[in-house]
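# Observations on chain architecture
One letter stands for each residue in the lines below.
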Amino acid sequence: MARLTREALRGKAQTVLGLVDPALLGPTLMHEHLLWDIRTPAMRAEPDQGPEITLCNCFALGYGRKKVPGNFRLLCEATATEELRIMAQAGGRTVVELSSGGLDPRPNGLVALARDAGVNVVMGCGHYVHEYQPVANHGRTAENFAAEMVDQIQLGAWNTDVRAGIIGEIGCQAPWTDLEKRVMAGAVMAMQQTGAALNVHPGRHADQPQEVAEFVKARGAEMDRVIISHIDRTIFDEDRLFRLADAGVVIEFDLFGQESSFYALSDIDMPNDAIRLRMIRGLIARGHLPRVVISHDICYRTRLTKFGGHGYGHIFANVVPLMRSRGFSEAEIEAIMVGNPRRLLTFV
Ligand SMILES: [Zn+2]
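Scope of this entry: the structure provided in the associated data block. The structure presented is a predicted model; accordingly, all values stated were derived computationally and were not measured. (Residues numbered from 1 in each chain as written. Predicted model: local features only at pLDDT ≥ 70, side-chain atom pairs only at ≥ 80, totals over all residues. Heavy atoms only, no water.)

### Some remarks on the nonpolar core
Considering soluble globular proteins, one finds that nonpolar side chains tend to be buried as a cluster. Core analysis: the largest hydrophobic core is formed by 97 residues, its most contacted members being Ile167, Met184, Leu198, Phe253, Ile280 and Ile294. No other element matches the eight residues that helix α7 (residues 178-194) contributes to this core. With residues near it in sequence (within four places) discarded, phenylalanine 253 still touches Ile231, Asp232, Leu241, Met279, Ile280, Leu283, Val293, Ile294 and Ser295. One finds Ala13, Met30, Ile166 and Leu345 within the second-largest nonpolar core, a separate group that totals 14 residues. (Core = buried A, V, L, I, M, F, W, Y, C linked by side-chain atoms within 4.5 Å. Buried < 20%, exposed > 50% of the residue type's maximum accessible area, 1.4 Å probe, protein only. Helix = DSSP H or I, 4+ residues; strand = E, 2+ residues; numbered from the N terminus. Contact = heavy atoms within 4.5 Å.)

See below:
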């Protein structure tokens, strides 16, 4: 397959079905998983993967105290297609799928979903956090990771001819490992060589997003093309939130639909959708509307409608009306759902 040059990509968005005019992307979810396996290696090895999900146990499994490995993977194309159709009926047109290396990325599966559900799917590339990466990655250089990501965008990813349209989610932790830093340094080089945007999965310490922002800035990244994910489980005070946004990165609230106080992976008070919108309102008041995007980051089954959850349509069906009743203007909603994603997904 021929390599797509930077000039061929510039001004276009790249879905798993090929290049598209960014004007056609429409309302976009910037951080989701459609086919994924986010079990840790230890969870994958457990002999008991958990019960079948039913109406009687979906709350217990979804709320998080009763964590079973089988909830953390979805490799069924028929289920994912049906969930995408529900999203499309609610008004969604494009999904950014960020199952990067270690999360069992399935490019050909995404092609089938995009065709069958009639929606745009933009695929990520690169690698997730340290413990999910193969041992073979441990000795690789930043340049080597960069070359892999450039190929995933220009040629095809994960031994297929399906090309990525964004870099990420690139995994970081607190403390940030040397391997993860090399992948991130490679991701910045790949941005600079391809014109793609970068999505960062930050570590769970409240200062880690700022650490990443300073790291990528020192390497010359275009800051307004760097998206910091999972703000809603990481930063809870306006000082940190504003300092990060003032650094020029895009702020992503991507756990919409998680209405639980409890977060399984760190001991924090989770905000609900209303509090997320208040934080976004604070960012807008400070002039940061062009750097806010939102999503659900669906990565366990009980968040799908089939298993009792809110599904990919939740933002369109429920959050956008909540935005209106909380005083968001149509122009603000349009920027968050359409304009900002379109800018980020357009190669420069
Ligand atoms: Zn993530």
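### Remarks on the packing of aromatic side chains
The final tally for this structure, using the stated rule, is five aromatic pairs. Considering the side-chain rings of phenylalanine 72 and tyrosine 300, the 5.7 Å spacing of their centres and the 50° angle between planes classify their relative orientation as tilted. In this pair, phenylalanine 72 sits in the loop between α3 (58-63) and β5 (73-74) while tyrosine 300 sits in the loop between β12 (292-294) and α11 (314-325), placing the two residues 228 residues apart along the sequence. Here a set of aromatic residues connected by ring pairs shows up, and it is made of Phe59, Tyr63 and Phe262. Positioned above the aromatic ring of phenylalanine 72, the side-chain terminus of lysine 67 is 6.0 Å from the ring centre. The ring of phenylalanine 256 has arginine 276 sitting right over it, with the charged end atom 5.5 Å from the ring centre. (Phe/Tyr/Trp six-rings, centres within 6.5 Å; stacked < 30°, edge-to-face > 60°. Lys NZ or Arg CZ within 6 Å of the ring centre and 35° of its normal.)

### Points about the sheet that holds strand β6 (residues 94-97)
A sheet is described by the order of its strands in space; here three strands give the open sequence β3-β6-β7, paired in parallel fashion. In this open sheet, the two edge strands, each paired with only one partner strand, are β3 (28-32) and β7 (120-123). Going from strand to strand, the sheet's axes swing by 20° on average, the running direction of each strand aside. Direction of pairing for β6 relative to β7: parallel, over a ladder of four bridges. Residue valine 95 lies in a different strand from β7, and its bridge partner there is valine 121. (Pairing = 2+ DSSP bridges. Axes fitted to C-alpha atoms, helices over the stretch in contact; angles between N-to-C directions.)

### Observations concerning the side chain of arginine 301
With respect to the helices, strands and loops of the structure, arginine 301 is situated in the loop between β12 and α11. Despite its burial, arginine 301 pairs with no opposite charge, the nearest such side chain being aspartate 37 at 8.6 Å. Engagement of the side chain of arginine 301 in a polar contact is seen with the backbone oxygen of glycine 70, the distance being 3.2 Å. Every residue in contact with arginine 301, bar those within four places of it in the chain, is listed here: Trp36, Ile53, Gly70, Asn71, Arg73, Leu74 and Phe307. (Lys, Arg positive; Asp, Glu negative; His and termini not counted. Salt bridge = Lys/Arg side-chain N within 4 Å of Asp/Glu carboxyl O. Polar contact = N/O pair within 3.5 Å; in protein donor to acceptor, adjacent residues only side chain to side chain.)

### Structural notes on the side chain of asparagine 340
As for its placement among the helices and strands, asparagine 340 is situated in helix α12 (residues 330-345). Under the relative-accessibility criterion, asparagine 340 is labelled buried at 7%. Only 2.9 Å separates the side chain of asparagine 340 from the backbone oxygen of leucine 289, close enough to count as a polar contact. In this view, asparagine 340 contacts Leu289, Pro290, Arg291, Val292, Val293 and Ala335; residues no more than four positions away in its chain are not counted.

### Some points on the coordination of the zinc ion
Those protein atoms acting as donors to the zinc ion are Glu169 (OE), His201 (ND1) and His230 (NE2), and they sit at 1.8 to 2.3 Å. When the donor residues of the zinc ion are listed from N- to C-terminus, their spacing reads E-x31-H-x28-H. Placement of the pair is glutamate 169 in strand β8 (residues 167-171) and histidine 201 in strand β9 (residues 198-201), with a sequence separation of 32 residues. Residues glutamate 169 and histidine 201 agree in their burial class; the two are buried. (Donors = N, O, S within 2.8 Å, 3.2 Å for Na, K, Ca; no water.)

### A few points about the packing of helix α9 (residues 238-246) against helix α10 (residues 273-285)
Running from N to C, α9 and α10 point in directions that differ by 50°, and their axes come no closer than 11 Å. By the criterion of interaxial angle, the relationship of α9 to α10 is oblique. For the pair α9 and α10, the sense of crossing is right-handed. Counting all contacts with α9, which are made through Glu238, Leu241, Phe242 and Ala245, the residues of α10 involved are Met279, Gly282 and Leu283. A breakdown of the residues in the contact of α9 with α10 according to their chemical character gives five nonpolar, one polar and one charged. (Parallel < 35°, antiparallel > 145°, perpendicular 65-115°, else oblique. Left-handed = near helix turned anticlockwise from the far one by under 90°. Nonpolar A, V, L, I, M, F, W, Y, C, P; charged D, E, K, R; others polar.)

### Looking at the sheet that holds β8
Two modes of strand pairing occur in sheets, parallel and antiparallel, and in both the strands are linked by backbone hydrogen bonds. The strand order across the open sheet built from five strands is β8-β9-β10-β11-β12, with neighbouring strands paired in parallel fashion. Each edge of the open sheet carries a strand with a single partner, namely β8 and β12. Strand-to-strand twist across the sheet, computed as the mean angle between neighbouring axes with direction ignored, equals 25°. Inspection of the sheet shows strand β10 (residues 226-228) paired to strand β11 (residues 250-253) by two bridges, in the parallel sense. Pairing of isoleucine 228 across the sheet is with isoleucine 251, part of β11. Each of β10, β11 and β12 is contacted by α12, which is oriented at about 105° to β12, the strand it contacts most.

As far as function goes, none of this settles anything; it's purely spatial.
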